[in-house]
Amino acid sequence: MNKTALYNKHLSLGAKMVPFAGFEMPVQYSGLTEEHFAVREKVGIFDVSHMGQFFVEGKGAKDLLQRVTSNNVEALQDGKAQYSCLPNENGGIVDDLIVYKINDEKYFVVVNASNIQKDWEHINQFNQYEAKLTNVSDEMSLIAIQGPKALETLQKLTEVNLSDIPYYHFTIGAVSGVSEVIISNTGYTGSGGFEIYLKNEVAEKLWDDITKAGEEFGLIPCGLGARDTLRLEKGFCLYGNDIDDTTSPIEAGLGWITKFDKDFVSKEIFEKQKAEGVGRKLVAFEMLEKAIPRHDYPVVDTEGNVIGKVTSGTMSPMKKVGIGLAYVDQPLFKLGSEIFIQIRNKNIPAKVVKLPFV
């Protein structure tokens, strides 16, 4: 198992460690519910250093990224970030990712931990543009400071005016005396905040300094458990659950990151799906009775016919009801449709709802 630069820090904080995407990662510290509410109401700190990072540089950098990603890289100005995906040649998704534009000839790409090697090989196979790719995943740490008090916490440690960084923008500056930190107004919790990218050797120092700076706001360390419930309440896709090599961005409700004003992998497949419609869609649902939906539970109609399956599910800490995402066949993927989740041979009613849940 790989370990992040903060592994010993998690052990010293009494984190419960679990294997995740090839890494030993903290799933929780004080408890999932407490960590969830800290991020929704105050501020939490996460180690997300298992994520992968590549630099894509040179005159052909933009052309390569235009070819392999679904979103339009042309729309990026310096200091702007873009959520996107890497389509495969069969209309599925290799991974979802964030593309950061540093300048016309330098981009920073952040990918999922479980897909680092797969993404690296996929992007490289299309590199006839002579772009220079560097995999810095093993050298960099990623700390997420999330919640309504994240800005005030981090602002104590930097002269960069964080209020000047809009959502999905970033800057490179000093944090707590450490230079060349990528400070990004992004996150996977839906509660606002920042993600900072830095060298492994300064990870512990910054973790400690941020923790101290956030003390007065009630900052606590948070694990992957709370990260999952937080992202699900906002309806953010998780690769390997809600999107994978067999799901298209159109089916997954990611048409907004699929731009047809450029040429890219599987463009024709997605254009056809957009024009003709798809047979199944990723939908959000809420349970109508007390029950917790889980990954892979069957979705059935009133007659008990299987019409889909749950991709993500949990008990929402905020709403106190079971919530989930599921691929559902038409016509029951429409808003307001009644569907049933099969839980231990019982068909429990649920309703297709609009995202986000909270």
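Everything numeric in this text was worked out from a predicted model, so none of it was measured. (Residues numbered from 1 in each chain as written. Predicted model: local features only at pLDDT ≥ 70, side-chain atom pairs only at ≥ 80, totals over all residues. Heavy atoms only, no water.)

A. Inspection of the environment of Glu105 at higher detail. When you line up the elements, Glu105 lands in the loop between β7 (93–103) and β8 (106–111). In this structure the C-alpha to C-alpha distance between Glu105 and Thr246, which are 141 residues apart in sequence, comes to 32 Å. Not counting the four nearest positions on each side in its chain, Glu105 is found in contact with Val56, Glu57, Gly58, Lys59 and Ala61. (Helix = DSSP H or I, 4+ residues; strand = E, 2+ residues; numbered from the N terminus. Contact = heavy atoms within 4.5 Å.)

B. Focus on the sheet that holds strand β6 (residues 80–87). Strands sit in the order β6-β7-β8-β5-β9 across an open sheet of 5 strands; the sheet is antiparallel. Across the chains shown, the open sheet's two edge strands, defined by having one partner strand only, are β6 and β9 (132–135). With strand direction ignored, the average angle separating the axes of adjacent strands in the sheet is 25°. By the bridge criterion, 6 bridges tie strand β5 (residues 52–57) to β8 in an arrangement that is antiparallel. (Pairing = 2+ DSSP bridges. Axes fitted to C-alpha atoms, helices over the stretch in contact; angles between N-to-C directions.)

C. Quick peek at the nonpolar core. With 41 residues, the main nonpolar core has Phe46, Tyr100, Phe108, Tyr197 and Ile243 as its most contacted residues. For this core, the element with the highest residue contribution is β7, accounting for 4 residues. Counting residues in each nonpolar core, the second largest holds 29 residues, with Val43, Leu157, Ile196 and Ala213 among its members. (Core = buried A, V, L, I, M, F, W, Y, C linked by side-chain atoms within 4.5 Å. Buried < 20%, exposed > 50% of the residue type's maximum accessible area, 1.4 Å probe, protein only.)

D. Up close: the UniProt feature "binding site: substrate" (unreviewed entry) in the chain. Taken from the UniProt record, the annotation "binding site: substrate" (unreviewed entry) applies to Glu195. By the secondary structure assignment, Glu195 is in strand β13 (residues 193–199). For Glu195, the residues in contact, after removing those within four places along its chain, are Tyr100, Leu142, Ile143, Ala144, Gln146, Ile182, Ile183, Ser184, Thr186 and Gly187. (UniProt positions renumbered as here; feature names shortened; annotations may be inferred.)

E. Layout of the pairing of strand β11 (residues 170–175). Taken together, the 5 bridges between β11 and strand β12 (residues 178–184) define a ladder with antiparallel strand orientation. In the sheet register, Gly173 faces β12, and the bridge partner there is Val181. Remark: 2 residues form the turn of the hairpin made by β11 and β12, two consecutive strands paired antiparallel; Ser176 in that turn has positive phi of roughly 50°.

F. Examining the pairing of strand β10 (residues 140–146) more closely. In terms of burial, β10 is a largely internal element, 7 of the 7 residues being buried. The alternating pattern of β10 places Met140, Leu142, Ala144 and Gln146 and Ser141, Ile143 and Ile145 on opposite faces, both of which are buried. Bridge count between β10 and β13: 7 bridges; the pairing is antiparallel. Considered in β13, the bridge of Ala144 is made with Glu195.

G. Highlighting unusual backbone geometry. Residues Gln330 and Pro331 are joined by a peptide bond in cis, for which omega reads 5°. When you line up the elements, Pro331 lands in the loop between β18 (322–329) and β19 (338–343). Going from Leu355 to Pro356, the amide bond is cis rather than trans, its omega being -5°. If you trace the backbone, Pro356 turns up in the segment after β20 (346–353).

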